[in-house]
Amino acid sequence: MKAPRVTLDQWRTLQAVVDHGGFAQAAEVLHRSQSSVSYTVARMQDQLGVPLLRIDGRKAVLTEAGGVLLRRSRQLVKQASQLEDLAHHMEQGWEAEVRLVVDAAYPSARLVRALTAFMPQSRGCRVRLREEVLSGVEEVLLEGVADLAISGFSIPGYLGAELSDVEFIAVAHPEHPLHRLNRELNFQDLESHLQVVIRDSGRQQPRDVGWLGAEQRWTVGSLATAATFVGSGLGFAWLPRHMIERELKEGLLKRLPLEQGGSRNSTFYLFSNKEKPLGPATQILIELLRTFDTAPLDAPFAAPEQA
């Protein structure tokens with residue numbers, strides 16, 4: 001890759017000349033001599049091979065090419081400053097990245113709100129979000145490749161902060177044969193019908209959750225796929241209410257009238273990697289995750305402006 005001929009300092013100098021109305025004003029702001037500023041801009045024009053400024057009376061005015069390059073340079077200088085800030089924050093213990101693993105059943109709306117609020121406070125810290133199912137969350141945390149984990153299970157040896165519950169309800173398409181029985185259902189009624197279940201993404205000790213007594217059982221890789229199957233009339237499943245609220249309201253899915261077990265609540269927990277000290281960015285994200293976990297999913301939300 002060819003090394004750039006123009007330095008960031010030269011771009012900053014050009015910006016100062018334009019922003020402050022001339023060479024003398026830029027020299028005062030930059031605490032440099034006017035001749036030094038003039039030489040810097042002249043040298044830039046020679047290096048780039050295009051005129052950046054023209055003199056109109058006593059004022060330096062951007063040429064068309066200068067205007068285009070100046071706009072691009074502002075982003076360049078801003079990114080360089082952010083990079084320097086990030087290096088400074090890292091020196092102070094600020095993380096470059098926070099790795100978050102979340103059970104796919106946890107409401108994504110809460111994650112979006114927490115991460116949106118985190119962005120203007122992040123100081124360049126990235127978030128690496130990973131979705132797993134059931135024991136997959138625990139495995140990722142135990143393998144040490146996650147800093148934070150949100151799981152619907154307690155994890156042995158870890159103290160988790162309790163989050164909200166997620167309600168799973170048994171549903172099927174309104175025209176499913178189970179609904180045509182027009183009565184309260186029991187588990188014996190379900191046995192001869194196809195149940196759609198979600199595969200545990202864990203490899204060590206995968207778990208089955210929910211009633212699994214159907215003679216036919218199809219396993220899919222995600223909650224979204226399960227909802228699509230059931231919404232197409234293919235089987236029944238226990239699905240998170242927050243994921244299928246619209247389908248229920250529009251009559252695309254209908255709750256199964258089970259005499260018992262038609263609904264179950266799963267409490268979620270927030271865990272941190274106990275083998276790694278919590279950095280400041282991780283601590284901020286923890287507080288935001290806990291704060292937005294309690295907010296109603298349908299509450300109005302305005303994303304904060306970035307600093």
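The structure under discussion appears in the preceding block.
Residues numbered from 1 in each chain as written. Predicted model: local features only at pLDDT ≥ 70, side-chain atom pairs only at ≥ 80, totals over all residues. Heavy atoms only, no water.

Draft legend 1. Spatial organisation of the side chain of Glu-247. Note that Glu-247 resides in helix α10 (residues 241-249). Residue Glu-247 is classed as buried on the basis of its relative accessible area, which comes to 19%. Polar contacts involving the side chain of Glu-247 include one to the side chain of Arg-246, which spans 3.2 Å. With near-sequence residues (within four places) excluded, Glu-247 lies in contact with Leu-252 and Leu-253. (Helix = DSSP H or I, 4+ residues; strand = E, 2+ residues; numbered from the N terminus. Buried < 20%, exposed > 50% of the residue type's maximum accessible area, 1.4 Å probe, protein only. Polar contact = N/O pair within 3.5 Å; in protein donor to acceptor, adjacent residues only side chain to side chain. Contact = heavy atoms within 4.5 Å.)

Draft legend 2. Layout of the packing of aromatic side chains. The full count for this structure, using the stated rule, is four aromatic pairs. Aromatic pair Phe-236 and Trp-238: ring centres 6.1 Å apart, planes at 70°, arrangement edge-to-face. By relative accessible area, which is 8% here, Trp-238 ends up buried. Seen in terms of ring centroids, Tyr-269 and Phe-271 are 6.2 Å apart; in terms of plane orientation they differ by 40°. Their pairing is tilted. Here Tyr-269 falls in the partly exposed class, since its relative accessible area comes to 22%. Under the relative-accessibility criterion, Phe-271 is labelled buried at 2%. Here a set of aromatic residues connected by ring pairs shows up, and it is made of Tyr-158, Tyr-269 and Phe-271. Lying over the aromatic face of Trp-94, Arg-123 brings its terminal NZ or CZ to 4.3 Å of the ring centre. (Phe/Tyr/Trp six-rings, centres within 6.5 Å; stacked < 30°, edge-to-face > 60°. Lys NZ or Arg CZ within 6 Å of the ring centre and 35° of its normal.)

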